[in-house]
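In case you want the letters, here they are:
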Amino acid sequence: MMIELAFVACLTADLERCEDYSLLLLDMPQTACLLMGPTRLATWSEGHPGWQVTSWQCRTPGAGPEDV
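Residues numbered from 1 in each chain as written. Predicted model: local features only at pLDDT ≥ 70, side-chain atom pairs only at ≥ 80, totals over all residues. Heavy atoms only, no water.

Some words on the sheet that holds strand β1 (residues 2-11)
Step number 1: Across the sheet, which stays open at both edges, the 3 strands sit in the order β2-β1-β3 with antiparallel pairing between neighbours. Each edge of the sheet is formed by a strand with only one pairing partner; in this case those strands are β2 (14-26) and β3 (51-59). Each strand of the sheet is rotated relative to its neighbour by a mean of 20°, with strand direction disregarded.
Step number 2: Sheet topology places β1 next to β2; 10 bridges connect them, and they run antiparallel. Residue pairing across strands places Ile3 opposite Leu25, the latter belonging to β2.
Step number 3: The sheet contacts of helix α1 (residues 30-47) involve β1, β2 and β3, and relative to β3 the element is tilted by about 160°. (Pairing = 2+ DSSP bridges. Helix = DSSP H or I, 4+ residues; strand = E, 2+ residues; numbered from the N terminus. Axes fitted to C-alpha atoms, helices over the stretch in contact; angles between N-to-C directions. Contact = heavy atoms within 4.5 Å.)

Honestly, that's just the spatial picture; any functional story needs more than this.
In structure tokens, the structure reads:
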């Protein structure tokens with residue numbers, strides 16, 4: 001099973017400038033994504049200084065950005 005960790009990140013210097021991102025997680029049920037999401041996002045944030053994750057969700061890949 002594949003799940004998408006979809007999130008929005010904004011520049012810390014300009015919180016009006018935000019981008020949609022996603023990470024595909026293989027062989028992970030949605031409940032595991034919900035539990036591991038914060039850890040994955042922290043790792044992403046370490047590699048993207050100056051960006052702040054403002055919202056996130058676990059969903060079926062390609063489901064669309066309804067509630068991100």
